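# Examination of the molecular architecture
One-letter residues, chain by chain:
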Amino acid sequence: HHYVDPRKLDVKEALRRVASPSFYFGMTDRWDESICLFHYWYGGETQPFELLNSRPTKRLDISADEDELNRELVDVDTVFVAGAIKIFEERLRVAGC
């Protein structure tokens, strides 16, 4: 990976791509809904094993330095994630998930 100045990132273009009818995405913090949407998108029935957390993790505390680094990324991420959530929720509505 290489660093890209956040001011050079085109969030509108990224959201346009994510909104493309051929682009499926889910959200890990909304796993069950993502699986429902996946099956609406690609077919098939949801299987019970798909809803299990097969890789549980522990949440780690982050250092003050890491927190400061995260704050630098918040503006771009916040705009992108907010737009992606709107797209995701509209797709859920259409799919009946």
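Going by the structure above, here's the rest.
What counts as what
- Residues numbered from 1 in each chain as written.
- Predicted model: local features only at pLDDT ≥ 70, side-chain atom pairs only at ≥ 80, totals over all residues.
- Heavy atoms only, no water.
- Helix = DSSP H or I, 4+ residues; strand = E, 2+ residues; numbered from the N terminus.
- Buried < 20%, exposed > 50% of the residue type's maximum accessible area, 1.4 Å probe, protein only.
- Polar contact = N/O pair within 3.5 Å; in protein donor to acceptor, adjacent residues only side chain to side chain.
- Arc of directions from axis to C-beta.
- Salt bridge = Lys/Arg side-chain N within 4 Å of Asp/Glu carboxyl O.
- Lys, Arg positive; Asp, Glu negative; His and termini not counted.
- Contact = heavy atoms within 4.5 Å.
- Expected span 1.5 Å × (residues − 1).
- Core = buried A, V, L, I, M, F, W, Y, C linked by side-chain atoms within 4.5 Å.

Within the secondary structure, His39 is located in helix 2 (residues 31-42). Overall, His39 belongs to the buried group, its relative accessible area being 11%. Here the side chain of His39 touches Glu50 through a polar contact of 2.9 Å, side chain to side chain.

We now examine helix 1 (residues 11-18). Within the sequence span of helix 1, burial applies to Val11, Leu15 and Val18. Taken around the axis of helix 1, the buried residues stretch over an arc of 60°, which confines them to a single face. Opposite its buried face, helix 1 presents the exposed residues Lys12, Arg16 and Arg17, each directed more than 90 degrees away. The N-cap of helix 1, judged by a side-chain oxygen 3.3 Å from the amide nitrogen of Lys12 a few residues on, is Asp10.

With that settled, consider the pattern of salt bridges. For the coordinates displayed, the defined rule picks out 5 salt bridges. Across the pair Arg16 and Glu13 runs a salt bridge whose closest N-O atoms are separated by 2.6 Å. Pair noted here: Arg16 and Glu13 are both in helix 1, with a separation of 3 residues, about one helical turn. Its relative accessible area of 52% is what places Arg16 among the exposed residues. Across the pair Arg93 and Glu90 runs a salt bridge whose closest N-O atoms are separated by 2.6 Å. With Arg93 and Glu90 both in helix 3 (residues 64-95) and 3 residues apart, the pair spans about one turn of that helix.

This brings us to the side chain of Arg91. As for its position among the elements, Arg91 is in helix 3. Within the buried core, Arg91 has no salt-bridge partner, and the shortest N-O distance to an opposite charge, that of Glu90, equals 8.8 Å. Those residues within four positions of Arg91 in sequence are excluded, and the remaining contacts are Val18, Ala19, Ser20, Phe23, Tyr24, Phe25, Leu37 and Trp41.

With that settled, consider helix 2. Spanning 12 residues, helix 2 covers 16 Å between terminal C-alpha atoms, matching the ideal 16 Å at 1.5 Å per step. Residues of helix 2 that are buried include every one of Ser34, Ile35, Leu37 and His39, and no others. In the segment just after helix 2, Gly43 is the residue with positive phi, at about 95°.

This part is about the nonpolar core. Within soluble globular proteins, side chains that are nonpolar tend to cluster in buried spots. Core analysis: the biggest nonpolar cluster contains 12 residues, these being Val11, Leu15, Val18, Phe25, Met27, Leu37, Val76, Ala84, Ile87, Phe88, Leu92 and Ala95. Looking at this core element by element, the count peaks at 6 residues for helix 3. Other than its neighbours up to four places away in sequence, Leu37 contacts Tyr24, Phe25, Phe88, Arg91, Leu92, Ala95 and Cys97.

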